[in-house]
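Structure at a glance
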Amino acid sequence: MWSWKQYPSRMRGGLIAALDVGSSKVCCAIAQVQGGGSFEILGFAQQLSNGVKAGVVIDMEEVITSIVNAVHGAEKMAGVTIRDVIVSVNGSQLKSVNSAVELNVSGHPINDMDIHKVLLQAKVVQTDPSLQVLHTFPTGYILDEAKGIRDPRRMSGDRLSVNIHTLLGKSNSLYNVSTCVARSHLDVVSLVAASYASGLACLVEDEMELGVILIDMGGSTTSFAVFHEGQLRYTECIPIGGMHVTMDIARCFSTTLIHAERLKTLYGSTTHSVADDREMIVVPLVGERRGEGTNQMPRSALVSVIKPRIEEIFEYVRDRLIKAGVDPFLGRRVVLTGGASQLAGVREVATLILGKNIRLGKPIHLTSHELSHNPSFSTCAGLLSYGETEHMAYLQTRPQTRSKRAVMQVTSLFKKIW
C-alpha cells in the first residue's frame, strides 16, 4: 500500500509553503511563521488549472505545468526557493469513517503514551489497501462506563474507549497528486483535505465548538465539512461547482465558455429583481467573428439558468447531510466560502434550502494580504494555518529524544483538538 511520509522537521526555519491544487486554479503561498498563531505572507501566485476535474488529476502534464508556474511566481515574489509544500486534496475520493477503539489502561493513570497507542490503533484498523489515512480525530472518550470525558489523562480506570473520526482518501488519487508535485521538483510535507483546510481558515473557535457546516464552493466540486466541539466530524464532496454554472450559460445562450464566465461574473445572480426583464445583455455567439454575431437577452433569462444549478448544489448538500446522520451535531450555522460563493444571491438560496443561518466566510487569520479578502483562497490560507500548527509542534518536540518526541506530538494534537 502506497503512502507518503510527513517531515514536519523540514519546517524548522519557520518557512511554510502551501500548494492548493484545485479544479479551476493552482495557487501557491509562501509564509514565515511569526509565533502566536500568526504568519507573514512572503509570496503568492496562481495559475489556471486545466488538468484537474472534480478533484481528480486527468492530465499530469497540465497539472505539473500549473504547479511549476505557480510555485515559480510565489518564489520570485518571496525571494526564496522552496522545496517542501503542504498540498490540498479534494474530490469524491475522500471518505469519512467513524470507529471505536478500546485500550486496557488498568494499573496506571492514563498518560500521553496511552493516547498515542489509541491513535496508532485506529490507523491499524484501516485495512483497505485502496484507501489511505489523511486525518484522525478523537471525538469522545469513555472510561469504564463514564461517558463524555474530554481529557482522560491522569485519570484511572480499567478500559479506555475512544470514538475516532478518520478521513480517508483513495490511494491512487493521492499518489497521482503527489507524483505531480514530485515531478515539479518538490516534496510533499502533508496532504490535507481541502474542506478541512478551508475550515481552519474561515471558522472561529465558537463556531467549531457549537456546531457548523463549512461549504466550500469550488470550480468543479462543492465540498462540505461538519465541525462540532472544536473538531472535524464529517466531510464529503459532490462533483458540482461554479464551472457547471458557466457551462449551463454557454449551452443555453450558444456562447463561449470565456464569455459565459464573464456574463456570470458581471450580471449573474440567483435572485430575480424587478428590473431584470428590462435590462438587456449582449451575448457574443460561439463561432462568429468578433462583433458580427451577437444576441440580446434580458437579465432575467440569465438568472433563470443560474438559479436551478445553485439550488441543485445545496439540495445535494442537504440530502447528503441527512443521509450521513450528522444533524444531531449541528446548530443553525453554515459558512459559505470558495469562488462560487461570491455569486450574488447564493446566500439567500442556501438559507432557503438548508434552513440555517448563513454567513460568507473569508480567511480570518490574515489581515493585510490579498488572501484575506477573497474566499477563493480559503483553502490555500488554511494550508498555511495547518503548517503553522505543525511548525509549532516541531518546536515543542525539538529538544526531546526520539521516544519522547512522539508523545509530545500527540500532546500537541490533543491540545489542538480540545
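Everything in this summary refers to the structure shown in the same document.

Calculation rules
- Residues numbered from 1 in each chain as written.
- Predicted model: local features only at pLDDT ≥ 70, side-chain atom pairs only at ≥ 80, totals over all residues.
- Heavy atoms only, no water.
- Helix = DSSP H or I, 4+ residues; strand = E, 2+ residues; numbered from the N terminus.
- Buried < 20%, exposed > 50% of the residue type's maximum accessible area, 1.4 Å probe, protein only.
- Areas by Shrake-Rupley, 256 points an atom, 1.4 Å probe, with all protein chains shown as cover.
- Lys, Arg positive; Asp, Glu negative; His and termini not counted.
- Salt bridge = Lys/Arg side-chain N within 4 Å of Asp/Glu carboxyl O.
- Contact = heavy atoms within 4.5 Å.
- 1 Å grid on protein atoms, 1.4 Å probe; cavity = no way out; pocket = protein on both sides within 12 Å on 5 of 7 lines; lining within 4 Å.
- Points joined across faces, edges and corners; volume = space filled by probe spheres on them.
- Nonpolar A, V, L, I, M, F, W, Y, C, P; charged D, E, K, R; others polar.
- Expected span 1.5 Å × (residues − 1).
- Phe/Tyr/Trp six-rings, centres within 6.5 Å; stacked < 30°, edge-to-face > 60°.
- Pairing = 2+ DSSP bridges.
- Right-handed = clockwise from strand over helix to strand, strands pointing away.
- Axes fitted to C-alpha atoms, helices over the stretch in contact; angles between N-to-C directions.
- Parallel < 35°, antiparallel > 145°, perpendicular 65-115°, else oblique.
- Left-handed = near helix turned anticlockwise from the far one by under 90°.
- Core = buried A, V, L, I, M, F, W, Y, C linked by side-chain atoms within 4.5 Å.

**Remarks on the overall build of the protein chain**
Counting secondary structure elements, the protein chain contains eleven helices and 18 strands. Put simply, the protein chain has 418 residues, and 53% of those count as buried. Within the structure as shown, the protein chain displays about 19200 Å² of accessible surface, and the carbon and sulfur contribution to it stands at 50%.

**Regarding the side chain of Glu-75**
The residue Glu-75 is located in helix H1 (residues 60-78) in this model. Despite its burial, Glu-75 pairs with no opposite charge; the closest candidate is Arg-83, at 11 Å N-O. Once you skip the residues sitting within four places of it in the chain, Glu-75 turns out to touch Ile-30, Val-80, Thr-81 and Ile-82.

**A few points about the layout of surface pockets**
By volume, the second largest pocket is sized at about 1100 Å³. Along the wall of the second largest pocket there are 49 residues; nearest its centre are Ser-24, Lys-25, Gly-219, Gly-339 and Ser-376. Going through the elements one at a time, strand E1 (15-21), strand E3 (38-48), strand E6 (84-89), helix H4 (194-202), strand E12 (212-217), helix H6 (242-253), helix H7 (257-267) and helix H10 (378-397) are the ones with two or more residues in the lining of the second largest pocket. Looking at the lining of the second largest pocket element by element, the count peaks at four residues for H6. Of the residues in the lining of the second largest pocket, the class split is 16 nonpolar, 28 polar and five charged.

**Let's talk about helix H3 (residues 171-183)**
An ideal rise of 1.5 Å per residue puts 18 Å on 13 residues; H3 measures up with 18 Å between its terminal C-alpha atoms. Along H3, the positions that sit buried rather than exposed are Ser-171, Ser-173, Leu-174, Val-177, Ser-178, Thr-179, Cys-180 and Val-181. His-185 sits one or two positions beyond H3 and adopts a positive phi of about 65°.

**Here we look at unusual backbone geometry**
Of note, His-185 is a non-glycine position whose phi angle comes to about 65°, a positive value. With respect to the element layout, His-185 can be found in the loop between H3 and strand E11 (187-193). Residue classification places His-185 among the exposed positions, given a relative accessible area of 70%. Backbone geometry at Glu-229 places phi at a positive 55°, although glycine is not the residue there.

**Quick notes on the packing of aromatic side chains**
Counted according to the given criterion, the structure contains five aromatic pairs. Aromatic side chains Tyr-196 and Phe-227 sit 6.4 Å apart centroid to centroid with 20° between the ring planes, which places their arrangement in the stacked category. With Tyr-196 in helix H4 and Phe-227 in strand E13 (residues 222-228), this pair connects stretches of sequence that are 31 residues apart. Using a relative accessible area of 5% as the deciding quantity, one classes Tyr-196 as buried. Assessed through its relative accessible area of 1%, Phe-227 is described here as buried. The rings of Phe-137, Tyr-196, Phe-227 and Tyr-386 are connected pair by pair, giving a single aromatic cluster.

**Section: the pairing of strand E18 (residues 357-360)**
For strand E17 (residues 333-337) and E18, the ladder comprises four bridges, and the chain directions are parallel. Bridge pairing in E18 links Leu-336 to Leu-360. Handedness of the crossover joining E17 and E18 through helix H9 (residues 346-354): right-handed.

**Some details on the packing of H6 against H7**
It is at 8 Å that the axes of H6 and H7 come closest, and there the two elements cross at 110°. Judged by the inter-axis angle, H6 sits roughly perpendicular to H7. Where H6 crosses over H7, the handedness of that crossing is right-handed. Mapping the contact onto sequence places Gly-242, Val-245, Thr-246, Met-247, Ile-249 and Ala-250 in H6 and Leu-257, Ala-260, Glu-261, Leu-263 and Lys-264 in H7. Here the contact of H6 with H7 is composed, by residue class, of seven nonpolar, two polar and two charged.

**Some remarks on H6**
Taking 1.5 Å per residue, twelve residues should reach 16 Å; H6 reaches 17 Å between its end C-alpha atoms and fits that length. Looking at H6, one finds that the buried residues are Gly-242, His-244, Val-245, Thr-246, Asp-248, Ile-249, Ala-250 and Phe-253. Each element contacted by the buried residues of H6 is listed here: H7, strand E15 (280-284), strand E16 (294-298) and helix H8 (299-324). Where H6 terminates, the next one or two residues include Ser-254, which has phi positive at roughly 50°.

**Re the pattern of salt bridges**
This model, assessed by the stated rule, comprises 15 salt bridges. With a shortest N-O distance of 3.0 Å, Arg-233 and Glu-229 are connected by a salt bridge. What makes Glu-229 partly exposed here is its relative accessible area of 28%. Here the residues in one salt-bridge network are Asp-248, Arg-251, Arg-309 and Glu-312, joined through shared partners.

**Remarks on the nonpolar core**
Counting 64 residues, the largest nonpolar core has Leu-19, Ile-67, Val-87, Tyr-196 and Phe-227 as the members making the most contacts within it. Not counting the four nearest positions on each side in its chain, Phe-227 is found in contact with Tyr-196, Gly-199, Leu-203, Met-208, Gly-211, Val-212, Leu-214, Leu-232 and Arg-233. Membership of the second largest hydrophobic core comes to 36 residues, among which are Ile-313, Val-334, Leu-336 and Ala-350.

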